[in-house]
Amino acid sequence: MIDRRAVIGGAMLLPAGAALAKAPVDPVATTRHGRVRGVNEQGVLVFRGVRYGADTRTRRFRRALPPQPWRGIADATRHGRAAPQTRVDEPAGEDCLFLNIWTPALDAGKRPVMVYLHGGAHAHGSGSDPLYDGSRLVRRGDVVVVTLNHRLAALGYAYLAQLGGPAESGNVGNLDIVLALRWVRDNIAGFGGDPSRVTIFGQSGGGAKVVTLMAMPEARPLFHRAATMSGQHVTAAGPMHATARARAWMARAGAADVAALDALPVERLVEAMGMTDPLEGKGEISFVSTLDHGALPRHPFVPDAPREAAHIPLIVGNTHDETGFWIGDMLKRGDTTWDNLAGRIAAQVTKDVAPDWVVKRYREIYPERTPGQILLAASTAGRSWPGHLIQAEERARIGAPTWMYQLDFPAPEAGGILGAFHTLDIPLVFDNTGAQGARTGDGPEARRLAGRMADAFIAFARTGDPNCASVPAWPRFDLDRRATMLFDTDTRVVADPRREERLLWSVAPYIKPGG
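Residues numbered from 1 in each chain as written. Predicted model: local features only at pLDDT ≥ 70, side-chain atom pairs only at ≥ 80, totals over all residues. Heavy atoms only, no water.

## Examining the overall build of the protein chain
Line of reasoning, step 1. Each helix and strand counted, the protein chain has 16 helices and 15 strands in total.
Line of reasoning, step 2. By principal-axis analysis of the C-alpha atoms, the protein chain measures approximately 75 × 60 × 45 Å.
Line of reasoning, step 3. A fraction of 74% describes how many contacts in the protein chain between residues 6 or more apart in sequence connect residues 24 or more apart.
Line of reasoning, step 4. Total accessible area on the protein chain is roughly 19200 Å²; 52% of this is exposed by carbon and sulfur atoms. (Helix = DSSP H or I, 4+ residues; strand = E, 2+ residues; numbered from the N terminus. Contact = heavy atoms within 4.5 Å. Areas by Shrake-Rupley, 256 points an atom, 1.4 Å probe, with all protein chains shown as cover.)

Below, the structure is given as structure tokens:
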């Protein structure tokens with residue numbers, strides 16, 4: 001739903017006198033824009049809904065502005081609004097530039113800072129999901145955790161520059177993140193964090209934003225390590241395709257030009273964002289980071305990895321069975337047969353190869369597998385995995401410090417037939433297997449694995465290297481050995497996992513959907 005309440009500083013402001021009327025029992029931090037009051041939750045100081053940018057309604061499709069200073073103490077005990085989007089179960093509105101902070105103390109501790117970018121492609125989600133709660137990372141590793149909201153879908157990524165709109169319009173969602181990282185640089189020391197040790201990490205669309213920020217000149221100085229979890233983007237949207245989508249969306253919204261688009265109610269814009277993608281003919285219209293030759297002057301990994309980001313250590317992660325997230329109902333039905341397998345693979349993959357040949361080769365590689373198991377393996381390797389491989393390979397070619405992991409731990413539901421699907425690593429990295437929405441189960445094996453993954457990410461945030469006592473020695477990825485950490489009940493390093501599958505799919509180029 002769209003919440004039109006105009007709230008300064010994230011919520012109601014308390015008069016300065018009221019703050020002095022009683023002894024403060026909850027933490028009050030000072031930012032460059034004003035003071036904020038959070039809550040103490042079992043020893044972790046939590047600030048929710050801290051404003052890092054001004055209301056974007058008056059800046060539609062343009063770069064957001066920092067917030068105006070406020071007087072008194074802003075309440076920071078509730079999440080701020082999510083960005084407008086087609087599917088949302090929390091308050092949403094154009095006044096959405098808020099972040100959340102978890103910290104052990106408001107001191108000069110100079111702790112590593114872990115900034116998480118949420119997934120949901122570039123169209124859905126927020127930083128308030130219970131899976132992203134930073135409390136357990138804080139307790140486990142003495143770090144500061146930050147999550148944030150930013151503009152999404154057409155309001156964050158519609159490229160209007162060729163239609164008379166702002167030059168930066170195709171990337172304002174990413175520029176919101178840049179604004180949030182500037183807020184972190186300028187304010188996080190007051191929350192016990194070290195602005196010289198900022199890690200950005202994200203899953204799916206969040207991971208795609210991570211690697212895109214590595215290709216953005218004004219973003220790179222604001223972080224020092226990066227991790228992408230199932231964020232398989234290697235290219236951004238090209239400006240011609242992005243213009244075609246923007247034009248179709250404007251027509252669906254009923255706007256003759258950008259000025260008319262800017263004047264429309266946000267509800268009309270959101271409704272139009274539910275249209276079918278005009279280029280792919282399926283799914284919602286796709287708005288993603290755009291190669292605009294300005295804010296984003298190059299693709300994230302084409303023609304190569306950006307050498308300007310070679311000094312930034314990077315973790316590249318994926319899950320063994322990514323597509324179990326999307327084809328789960330099909331797998332649960334168990335109705336994949338040798339007769340319909342080729343057609344089902346063709347509907348899922350992004351590489352243009354003959355599906356009957358794929359079936360033949362998979363039956364040779366895995367003669368014991370069922371049609372459903374081959375569907376899961378082939379759809380993952382032909383849709384999600386190639387982008388991760390390209391990221392690691394291109395980084396290795398320029399000698400940039402890179403570590404690769406693969407989550408092999410299967411979700412327990414449906415007897416494990418969904419495998420280790422897309423999103424399953426989120427509660428493990430956050431050590432939140434008991435949180436609402438976690439699909440890992442919360443048994444001893446899941447908790448043990450969560451500890452290992454969380455510790456590796458904490459070590460990476462602290463030193464720029466994920467090696468720590470909780471995991472086996474984790475070599476950097478190179479093209480000779482292709483060392484990959486397999487996170488499972490038996491966590492171990494394997495050279496070139498799924499080699500035969502990798503070679504099978506290497507005969508065709510990878511095309512990222514939505515680009």
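There is more to say after this.
## Here we look at unusual backbone geometry
Line of reasoning, step 1. V302 connects to P303 through a cis peptide bond whose omega is 10°.
Line of reasoning, step 2. Note that P303 resides in the loop between α8 (266–272) and β12 (314–319).
Line of reasoning, step 3. Even without being glycine, D142 reaches a positive phi, approximately 55°.
Line of reasoning, step 4. With respect to the helices, strands and loops of the structure, D142 is situated in the loop between α2 (135–141) and β9 (144–148).
Line of reasoning, step 5. One non-glycine residue, R482, lies in the positive phi region at around 55°.

## Notes on the environment of S470
Line of reasoning, step 1. Along the chain, S470 turns up in the loop between α15 (444–463) and β14 (483–487).
Line of reasoning, step 2. For the pair S470 and N100, spaced 370 residues apart in sequence, the C-alpha separation works out to 28 Å.
Line of reasoning, step 3. Among residues more than four places away in sequence, those in contact with S470 are R452 and D455.
Line of reasoning, step 4. One polar contact links S470 to D455, side chain to side chain, over a distance of 2.5 Å. (Polar contact = N/O pair within 3.5 Å; in protein donor to acceptor, adjacent residues only side chain to side chain.)

## Side note on helix α5 (residues 205–213)
Three or four residues apart is the spacing at which side chains of an α-helix point the same way, because the helix has 3.6 residues per turn.
Line of reasoning, step 1. Summarising burial for α5: nine of the nine residues are buried, a large majority.
Line of reasoning, step 2. Those residues of α5 lying buried are G205, G206, G207, A208, K209, V210, V211, T212 and L213.
Line of reasoning, step 3. Residues of α5 that are buried in the fold lie against β8 (111–117), α3 (153–157), α4 (172–187), β10 (193–203), β11 (225–229) and α13 (385–397). (Buried < 20%, exposed > 50% of the residue type's maximum accessible area, 1.4 Å probe, protein only.)

## Quick look at the sheet that holds strand β4 (residues 39–41)
Line of reasoning, step 1. In spatial order, the strands read β4-β5-β7-β9-β8-β10-β11-β12-β13-β14-β15; together these 11 strands make up an open sheet with mixed pairing. Two strands bound the open sheet, and with one partner strand each, they are β4 and β15 (492–495). In this sheet, adjacent strand axes meet at a mean angle of 25° when their direction is disregarded.
Line of reasoning, step 2. Bridging between β14 and β15 involves four bridges; their strand directions are antiparallel. If you follow L486 over to β15, its bridge partner there is R492.
Line of reasoning, step 3. Lying on the sheet, α4 is in contact with β5 (44–51), β7 (98–103), β8, β9 and β10; it crosses β10 at an angle near 150°.
Line of reasoning, step 4. Along the sheet, α13 makes contact with β11, β12 and β13 (402–407), crossing β12 at roughly 160°. (Pairing = 2+ DSSP bridges. Axes fitted to C-alpha atoms, helices over the stretch in contact; angles between N-to-C directions.)

## Concerning the packing of α4 against α5
Line of reasoning, step 1. Orientation of α4 relative to α5, taken along the N-to-C sense of each, is 75°, at an axis distance of 11 Å. Looking at the two axes, α4 sits roughly perpendicular to α5. Contacts from N174, I177, V178 and L181 in α4 reach K209, T212 and L213 in α5.
Line of reasoning, step 2. Tallied by class, the residues present in the contact of α4 with α5 amount to four nonpolar, two polar and one charged. (Parallel < 35°, antiparallel > 145°, perpendicular 65-115°, else oblique. Nonpolar A, V, L, I, M, F, W, Y, C, P; charged D, E, K, R; others polar.)

## Structural notes on the environment of R492
Line of reasoning, step 1. Along the polypeptide, R492 turns up in strand β15.
Line of reasoning, step 2. Residue R492 is classed as partly exposed on the basis of its relative accessible area, which comes to 31%.
Line of reasoning, step 3. C-alpha separation for the pair R492 and H320, spaced 172 residues apart in sequence, amounts to 14 Å.
Line of reasoning, step 4. Those residues within four positions of R492 in sequence are excluded, and the remaining contacts are P472, T484, M485 and L486.
Line of reasoning, step 5. At 2.8 Å, the side chain of R492 and the backbone oxygen of D490 are in polar contact.

## Looking at the side chain of E322
Line of reasoning, step 1. As for its placement among the helices and strands, E322 is situated in the loop between β12 and α9 (328–333).
Line of reasoning, step 2. The buried charged residue E322 lacks any salt bridge, with R498 as its nearest oppositely charged partner at 7.2 Å.
Line of reasoning, step 3. From its side chain, E322 meets the backbone nitrogen of T319 in a polar contact 2.9 Å long.
Line of reasoning, step 4. Contacts of E322, omitting those with residues within four sequence positions, involve S230, T380, S384, H388, A420, F421 and H422. (Lys, Arg positive; Asp, Glu negative; His and termini not counted. Salt bridge = Lys/Arg side-chain N within 4 Å of Asp/Glu carboxyl O.)

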